[in-house]
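The residues making up each chain are set out below.
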Amino acid sequence: MTQYSDFRSDTVTRPTENMRKAMAAAEVGDDVLGDDPTVQKLESIAADMIGKEAAVYVPSGTMANSIAIKCWTNELDEVIVEERAHLYNMESTHMTFIARVTPRPLSSNRGAMNPEEVERNIRKPSVHIPRTSLICIENTHNNWSGAVVPMENLKAIREIADRHDVKVHFDGARVFNACHATGIPVKEYGKIGDSLMFCLSKGLSAPVGSVLTGPKDFVDYARRIRKALGGGMRQVGVLAAPGIVALTEMVDRLKEDHIRAKKLALTIQDLPGIDLNPDHIDTNIVIFGFKHPEISIPDFLEKLKERGILALATTGERIRFITHKDIDDKNLEKAISGFQEILSR
Ligand SMILES: *Cc1c(COP(=O)(O)O)cnc(C)c1O
């Protein structure tokens, strides 16, 4: 069996030894009835970390985003999103399917929407026009190659939202990556969103789950929506337990992923066919344009696979590499020599 170096996503990580032990030892109860102590512990740690009143554990980041949007909006509303946002492009249209609101996508500078444009697009309702009730932001920004959205931009958007009485939902699937890249404490990001969700199952390496944080009445309502979507789980402490390990033991090592991603970007940037600015690699995601006179994107990915390296094609003739816990220096060297072998001839 080939031992693949798997750069397709930071979701491919296997649970750590401590996570497996925590799963085996987890105290559990029926979480839908409100008595799983391990889930409650995870939710309380998460709420404290982000600086929110409450938190709810959900099966996926997609469910966290869909619940948040449903909670903050009514039918006939409109939601401002960044045009490449994950929750707008990659989550099977839940905005229209579940919340039944329309997205209003805005362009951005690597994930940072222009605050004036955001303000211009906040619409006052009339018989023709929807009410803007929510602005969604994403940080780090997946499809902008893991870009960190600058704090002053986020603060400007928060200020506009307050002035117009509009809520802000923060898709912080990788918010801890943003913290490592900027040195800004996660509570500062917590202040930007009325709600903030983050994934345990990405760089933090837990097998399952995300946490949605916010005010207590919001989280109470979120629990009802979670149940309605089929996300109420019973002795789910066995899954929350590795989530606790993720938050207590795995946050600090994210910086290693950033160093490896930058190294990959710096070493492949000048190879034929690759369109990449290493200055734009802020965190653990390396997305680059690929246009080669002889090698198509599927051919290139196949050649990498033959050498034991997995990556994904993404929109706009681009290829995506993500570093994570299970990519060590050896895996990285393997990828770099793969690139060199295939492209340097
Ligand atoms: C992965 C991701 C999500 C969704 O998480 P899933 O657990 O895969 O549903 C949401 N937002 C961003 C930015 C992501 O990268």
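Residues numbered from 1 in each chain as written. Predicted model: local features only at pLDDT ≥ 70, side-chain atom pairs only at ≥ 80, totals over all residues. Heavy atoms only, no water.

Turning our eyes to something else, we now look at the packing of aromatic side chains. Within the structure shown, the criterion is met by nine aromatic pairs. On the basis of an interplanar angle of 15° and a centroid distance of 4.4 Å, the ring pair of W72 and F218 is categorised as stacked. Placement of the pair is W72 in helix α3 (residues 61-72) and F218 in helix α10 (residues 216-228), with a sequence separation of 146 residues. F218 shares its class with W72; the two are buried. A centroid spacing of 5.5 Å and a plane angle of 65° characterise the contact between F300 and F339, whose relative ring orientation is edge-to-face. Residue F300 is located in helix α13 (residues 297-306), and its partner F339 is located in helix α14 (residues 329-343); the two are separated by 39 residues in the primary sequence. Both residues of the pair, F300 and F339, belong to the buried class. Grouping aromatic residues by their ring pairs yields a cluster made of F7, F288, F290, F300, F321 and F339. (Phe/Tyr/Trp six-rings, centres within 6.5 Å; stacked < 30°, edge-to-face > 60°. Helix = DSSP H or I, 4+ residues; strand = E, 2+ residues; numbered from the N terminus. Buried < 20%, exposed > 50% of the residue type's maximum accessible area, 1.4 Å probe, protein only.)

On to the side chain of D10, then. Within the fold, D10 resides in the loop between β1 (5-6) and α1 (17-25). Of the residues examined, D10 reaches a relative accessible area of 0% and is grouped as buried.

With that out of the way, let us pick up the nonpolar core. Membership of the largest hydrophobic core comes to 48 residues, with the highest contact counts inside it found for I135, F176, Y189, F198, L200 and L204. Excluding residues within four positions of it along the chain, Y189 makes contact with N139, V148, M151, L154, F170, V175, A178, C179, T182, I184 and L196. Membership of the second largest hydrophobic core comes to 28 residues, among which are F290, F300, A311 and I336. (Core = buried A, V, L, I, M, F, W, Y, C linked by side-chain atoms within 4.5 Å. Contact = heavy atoms within 4.5 Å.)

Next up on the list: the environment of P150. By the secondary structure assignment, P150 is in the loop between β5 (131-138) and α7 (151-163). Sequence separation of P150 and G111 is 39 residues, and the distance between their C-alpha atoms is 9.2 Å.

Counting buried residues along strand β6 (residues 167-171), four of its five residues qualify, which places the element largely inside the surrounding structure. When β5 meets β6, the two strands line up parallel, connected through five bridges. Along β6, the bridge assignment pairs I137 with F170. For the crossover from β5 across α7 to β6, the handedness is right-handed. Taken together, the three bridges between β6 and strand β7 (residues 195-199) define a ladder with parallel strand orientation. The residue bridging F170 from the neighbouring strand is L196, located in β7. (Pairing = 2+ DSSP bridges. Right-handed = clockwise from strand over helix to strand, strands pointing away.)

So, about the sheet that holds β6. Taken together, seven strands build an open sheet; the order of strands is β2-β8-β7-β6-β5-β3-β4 and the sheet is mixed. Because the sheet does not close on itself, it has two edges, and the strands there are β2 (54-58) and β4 (102-106). Put simply, the sheet's adjacent strands are angled 20° from each other on average, direction ignored. Those strands touched by α7 are β5 and β6, and its axis lies near 165° from that of β5. Relative to β2, α10 is tilted by about 20°, and along the sheet it contacts β2, β7 and β8 (210-214). (Axes fitted to C-alpha atoms, helices over the stretch in contact; angles between N-to-C directions.)

One can read the domain layout of the protein as domain 1 (5-12 + 253-343) and domain 2 (17-249). Between the C-alpha centres of domain 1 and domain 2 there is a distance of 28 Å. Every contact between the two is made by 20 residues of domain 1 and, on the other side, 19 residues of domain 2. At the junction of domain 1 with domain 2, the criterion picks out two salt bridges. Here domain 1 and domain 2 share eight residue pairs in polar contact (both at pLDDT 80 or more) between them. Going through the elements one at a time, α12 (254-268), β10 (285-290) and β13 (318-322) are the ones with two or more residues in the side of domain 1 that touches domain 2. A per-class count over the side of domain 1 that touches domain 2 returns six nonpolar, seven polar and seven charged. (Domains from an automatic or database assignment. Salt bridge = Lys/Arg side-chain N within 4 Å of Asp/Glu carboxyl O. Polar contact = N/O pair within 3.5 Å; in protein donor to acceptor, adjacent residues only side chain to side chain. Nonpolar A, V, L, I, M, F, W, Y, C, P; charged D, E, K, R; others polar.)

Before going further, it helps to examine the site of the ligand. In the vicinity of the ligand, 14 residues are found, and the nearest of them are G61, T62, D171, R174 and K202. R174 places a side-chain nitrogen or oxygen 2.9 Å from an oxygen atom of the ligand. Coverage of the ligand by the protein chains reaches 86% of its 380 Å² of free accessible surface. Secondary structure elements with two or more residues in the shell around the ligand: α3 and β7. (Near = heavy atom within 4 Å. Areas by Shrake-Rupley, 256 points an atom, 1.4 Å probe, with all protein chains shown as cover.)

Across its 15 residues, α12 extends 22 Å between first and last C-alpha, which sits within 8% of the 21 Å expected from 1.5 Å per residue. All of the buried residues along α12 are L254, D257, H258, R260, A261, L264, A265 and I268. Taken around the axis of α12, the buried residues stretch over an arc of 170°, which confines them to a single face. On its buried face, α12 sits against α8 (175-182), β9 (274-275), β10, β13 and α14. (Expected span 1.5 Å × (residues − 1). Arc of directions from axis to C-beta.)

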